[in-house]
Amino acid sequence: MRWVQAWRAVLAPDDVHLCSGSDSEYEHLCRRLEASGTFRRLNRELRPNSFAALSHPADVARVENRTFIASRSQHEAGPTNNWRDPTELRSEMLEHFRGAMRGRCMYVVPFCMGPIGSPFSQIGVQLTDSPYVVVNSRIMTRIGDNVISELEGGHSFVPCIHSVGAPLTASSEDVPWPCNPENRYIAHFPETREIWAFGSGYGGNALLGKKCLALRIASAIARDEGWMAEHMLILGVTSPAGRKHYVAAAFPSGCGKTNMAMMIPTLRDWKVETLGDDIAWLRFGEDGRLWAINPENGFFGIAPGTSPKTNYNALASLGGNCIFTNVALTEDGDVWWQDLTDSPPPNLTSWDGEPWTPESGDPPAHPNARFTAPAAQCPSIAPEWEDPQGVPLSAIIFGGRRGSVGPLVTAARSWAHGVFMGSILSSETTAAATGKVGQVRFDPFAIRPFCGYNLGDYMGHWLEMGERTDQGLLPRIFWVNWFRRGDDGRFLWPGFSENSRVLRWIVETVEGTAKSVETPLGFLPAPGSLDLSGLPIPAADLEELLRVNTSVWGEELKLIRNHYESFEDRLPKRLWEEVDRLEALLQG
Ligand code: OXD
Ligand code: MN
């Protein structure tokens, strides 16, 4: 490809390798990563074909303040994105890219987001000097020869340029985690559908198929082509009567999407199956329903907090063929993280490579430590998860982490009201991105860090999508809050498997059999309509979970108005009407 040759001249790698995606290539790269000290092979008996990597201490999460949307005008990027002029940014980054791969190999990674051959899939080609990125991408996307054939057949692709920004000279020694924390850029050019990333080797900053392509660039493509790219899990839920519904749910990073997607219901005879845990692409089918595919091929999940109690299926997916990043290591060559077992095993090595003791202060695994696991290994994976047409959605759920605002579950009155719910989603920040943890911020549709254009226009796109079909064919929209706390700071709802009770009410609402009460916020479960059999929840807690606290909402309305004002004329009028209506109903 001429494009690759042009970049080769800029990046000046010592070698170029076109990735075939074969097992032998994967094994070769893993051996190379072991030799360079990036990977440590885990105990072959306990966790076959698996590796642990420890990153540079300054390269541990997505860097939102260094993530840019370089559209032609600042208005196109909107107030929630860091905008840069594309011409200026290109010339600034080119200076960094020049010679950036000296002393290294440039891997050319053709990858497909979505099942190969699906009309909904998108192809990307990533140039990278990080073999760690190549092996992770082989799990997270579909890479290799069959993608090359599609490209040879003339399939379009999104060019993705990535360098860790640490060239080697004859005298410089390589380090286990090369990166350039002082000069990080995660840049998107939505109009020309390009991604340029420099300086980081971690997660969403470097595995460019995930947040950069499948969300930021895909959201811009989706707006232009009339579909949607969303930060959503997809699950299938089957009732005891054997009826199966598909549900997509948007939660901000670190709010339990992976746990929900893999939930083992406590409700007897209900079954949940997993189709995706992070990203969903939605389009209308010929039947007028909204269909979803998961463009990913694996899970890049947050390890701390994952335990047999909170997510048995995730752990069962991690038996082998996995990569762990920034977890703690046990003396027998296995991995550990907070909550994996009730107490830490002795003689742990913490993620900074030092011996760890309970007196060490910080926890042994980084709060954003990750596992990379093939989706096919998940025991709850739905047999149809790779169906090229996707699955038809019955419901869409929005949820955030809010201690005080938002009842356990609310059903929207209409699609537009559901869009309003999505637009006012807010959540406490987590360790998935660098910056302060626990700060409440509006995160509309849980896509704030991942939308490639003006979020006000994005909200308009949602409203417009709802006009394209019969209202009765659209998925019903719900809003949940698993994180409501009591005055004493305690979580009022047990969450995890118990969320199946809420899922049941959602499914029954879709089927028209659930009892509900109308409130200013929407429909809440009528007393007695949530299946709480066998759950010892105090009546006062339940009442609080299902209460619309008017004084809290009075304050929230002011915040919502400020949030909306930041989008100026790009905020759809229809949504302002919803705020006015909510205010009137609350005063009612
Ligand atoms: C992720 C994130 O990695 O949202 O999925 O940060
Ligand atoms: Mn995510």
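Along each chain, residues carry numbers from 1 onward, in the same order as the chain's sequence is written. Throughout, the order in which chains and ligands are written sets their labels, letters from A for the former and numbers from 1 for the latter. Given that the model is predicted, a residue must reach a pLDDT of at least 70 before its local features are reported, and side-chain atom pairs must reach 80 or more before they are shown or counted; all residues, however, enter totals for whole chains, interfaces and linings. To get the side-chain values, take all heavy atoms of the structure and skip hydrogens and water.

Domain start and stop positions are those given by an automatic or database domain assignment. Examined at the domain level, the protein chain breaks down into domain 1 (2-40 + 61-226), domain 2 (229-297 + 382-586) and domain 3 (299-377). Distance between the C-alpha centres of domain 2 and domain 3: 29 Å. Taken together, the contacts link 12 residues of domain 2 with 13 residues of domain 3. Surface buried jointly by domain 2 and domain 3 totals about 1100 Å² across both partners, of which 63% is contributed by carbon and sulfur atoms. In what follows, residue pairs with any heavy atoms lying within 4.5 Å of each other are defined as contacts. Once two parts are joined, some of their accessible surface, as seen by a 1.4 Å probe, is lost; buried area is that loss totalled over both.

Whenever a carboxyl oxygen of Asp or Glu lies within 4 Å of a side-chain nitrogen of Lys or Arg, that contact is scored as a salt bridge. Throughout the structure, instances matching the rule amount to 38 salt bridges. One salt bridge in this structure joins R501 and E498, with 2.8 Å as the shortest N-O distance. If you follow the salt bridges from partner to partner, you end up with E76, R193, R223, D224, D457 and R570 in one network.

For helix α4 (residues 86-97), with 12 residues, the first-to-last C-alpha span of 16 Å sits near the 16 Å given by 1.5 Å per residue. Turning to α4, its buried residues are P86, L89, M93 and F97. For α4, the angular spread of buried residues about the axis comes to 70°, placing them on one side. Along α4, exposed side chains directed more than 90 degrees from the buried face belong to T87 and E95. Strands here mean DSSP runs of E at least two residues long; helices mean DSSP runs of H or I at least four residues long; both are numbered from the N terminus. Looking at the packing, one finds that the buried side of α4 touches α1 (2-11), β4 (67-69), β9 (158-163), β10 (185-189) and β11 (194-198). Two or three places before T87, at the opening of α4, D85 has a side-chain oxygen 3.1 Å from that residue's backbone nitrogen. G99 sits one or two positions beyond α4 and adopts a positive phi of about 75°. Multiplying 1.5 Å by the helix residue count minus one yields the expected span of that helix. Think of it in three bands: with a 1.4 Å probe and only protein chains considered, a residue is buried below 20% of the maximum accessible area for its type, exposed above 50%, and partly exposed in between. For this quantity, the arc is that covered by the directions from the helix axis to the C-beta atoms. Definition of a polar contact: a pair of N or O atoms within 3.5 Å, with one able to donate and the other able to accept a hydrogen when the atoms are protein atoms, and with sequence-neighbouring residues admitted only if both atoms are side-chain atoms.

Attention now goes to the site of ligand 1. As a matter of local geometry, ligand 1 sits amid R62, K210, K211, H231, S253, D278, R370, A432 and F450. Note that an oxygen atom of ligand 1 is positioned 2.5 Å from one of the side-chain N or O atoms of S253. Protein coverage of the free-state accessible area of ligand 1, which is 200 Å², stands at 94%. A breakdown of the residues in the shell around ligand 1 according to their chemical character gives two nonpolar, two polar and five charged. Counting contributing residues, the shell around ligand 1 receives three or more from each of domain 1 (2-40 + 61-226) and domain 2 (229-297 + 382-586). In this text, near means that some heavy atom of the residue lies within 4 Å of the molecule or strand in question. To be clear on the numbers: accessible area is Shrake-Rupley with a 1.4 Å probe, and residue cover counts the displayed protein chains and nothing else. The classification used treats Ala, Val, Leu, Ile, Met, Phe, Trp, Tyr, Cys and Pro as nonpolar, Asp, Glu, Lys and Arg as charged, and all other residues, Gly among them, as polar.

Right, let's talk about empty space enclosed by the protein for a bit. With a 1 Å grid laid over protein atoms only, a set of points is called a cavity when a 1.4 Å probe fits there but cannot get out and a pocket when it is open yet has protein on both sides within 12 Å along at least five of seven lines; lining residues have an atom within 4 Å of a point. Grid points are joined across faces, edges and corners, and a volume is the space filled by probe spheres set on the points. Enumeration according to the criterion identifies six cavities of 30 Å³ or more in this entry. If you add up the space inside the largest cavity, you get close to 80 Å³. For the lining of the largest cavity, a count of residues per class yields five nonpolar, four polar and two charged. Around the second largest cavity, the lining residues are F111, M113, Q126, S137, M140, T141, L207, L208, G209, K210 and E296.

Quick look at unusual backbone geometry now. Positioned with a positive phi, A12 is a non-glycine residue whose angle comes to about 55°. Turning to its location among the elements, A12 is positioned in the loop between α1 and β1 (15-18). The backbone of R193 shows a phi angle near 55°, a positive value even though the residue is not glycine. Relative to the helices and strands, R193 is located in the loop between β10 and β11.

With that out of the way, let us pick up the sheet that holds strand β3 (residues 51-53). If you trace the five strands from one edge of the open sheet to the other, you get β2-β3-β19-β24-β18, paired in mixed fashion. Looking along the sheet, the strands with just one partner apiece sit at the ends: β2 (39-41) and β18 (298-302). Sheet twist, expressed as the average angle between the axes of neighbouring strands with direction ignored, equals 20°. Here, strands pair whenever DSSP counts at least two bridges between them. The pairing of β2 with β3 spans three bridges and is antiparallel. Within β3, the position partnered with R41 by the bridge is F51. Orientation is described by lines fitted to C-alpha atoms, with helices fitted over the stretch in contact, and by angles between N-to-C directions that extend from 0 to 180 degrees.

What follows concerns the side chain of S200. Residue placement: S200 occurs in the loop between β11 and α7 (203-206). Accessibility expressed as a relative area gives 1% for S200, which makes it buried. Once residues within four sequence positions are removed from consideration, S200 is found in contact with D59, H162, S163, V164, R184, N205 and A206.

This next bit is on the packing of aromatic side chains. When two rings of Phe, Tyr or Trp (its six-membered ring) have centres within 6.5 Å they constitute a pair, described as stacked for plane angles under 30 degrees, edge-to-face for angles over 60, and tilted for the intermediate range. If you walk through the whole model with that rule in mind, you get 25 aromatic pairs. Geometrically, the ring pair formed by Y453 and Y458 is tilted, given 6.3 Å between the ring centres and 55° between the ring planes. Y458 sits in the buried class, given a relative accessible area of 1%. In this scheme, Lys NZ or Arg CZ marks a charge over a ring once it lies within 6 Å of the ring centre and within 35 degrees of the ring normal. R90 extends its terminal NZ or CZ atom over the ring of W196, reaching a point 5.2 Å from the ring centre. The ring of Y453 carries the charged tip of R223 above its face, separated from the ring centre by 4.3 Å.

Next up on the list: the layout of surface pockets. In this structure, the second largest pocket occupies an estimated 300 Å³ of space. Lining the second largest pocket are 20 residues, with R104, D129, P131, D174 and P178 positioned closest to its centre. For the lining of the second largest pocket, the per-class residue count stands at 11 nonpolar, five polar and four charged.

So, on to the state of the cysteines. Disulfide assignment relies on a single distance test, namely cysteine sulfur atoms paired within 2.5 Å. For the structure shown, the criterion picks out zero disulfides. Free of any disulfide, C160 has its nearest cysteine sulfur in C212, 7.7 Å distant.

Attention shifts here to the packing of helix α2 (residues 23-35) against helix α5 (residues 131-140). Put simply, α2 and α5 touch, their axes get as near as 9 Å, and they point 140° apart. Of the possible angle classes, the one that applies to α2 and α5 is oblique. By crossing handedness, the relation of α2 to α5 is classed as left-handed. Contact residues: α2 offers D23, Y26, L29, C30 and L33, while α5 offers P131, Y132, V134, V135, R138 and I139. Note that the term roughly parallel is reserved for angles under 35 degrees, roughly antiparallel for angles over 145, roughly perpendicular for angles of 65 to 115, and oblique for everything else. Here is the rule for handedness: rotate from the far helix to the near one, and if that takes an anticlockwise turn smaller than a right angle the crossing is left-handed, while a clockwise turn gives right-handed.

Here we come to helix α13 (residues 500-511). Between its terminal C-alpha atoms α13 stretches 16 Å, which fits the 16 Å expected from 12 residues at 1.5 Å a residue. With nine of its 12 residues buried, α13 lies for the most part within the structure. Within the sequence span of α13, burial applies to S500, R501, V502, L503, W505, I506, V507, E508 and T509. The positive-phi residue at the C-terminal boundary of α13 is G512, with phi of around 85°.

Ideal geometry at a metal centre: 109.5 degrees between donors when four sit tetrahedrally, and 90 or 180 degrees when six sit octahedrally. On the protein side, the manganese ion (ligand 2) has K211 (NZ), H231 (NE2) and D278 (OD) as donor atoms, found 2.1 to 2.2 Å from it. Positions of the donor residues of the manganese ion (ligand 2), expressed as sequence spacing, correspond to K-x19-H-x46-D. Here the residue K211 occupies a position in helix α8 (residues 209-225), and H231 occupies one in the loop between β12 (228-230) and β13 (232-238), the gap between them amounting to 20 residues. Each metal site is built from N, O and S donor atoms within 2.8 Å (3.2 Å for Na, K and Ca), and since water is not included, such sites may look incomplete.

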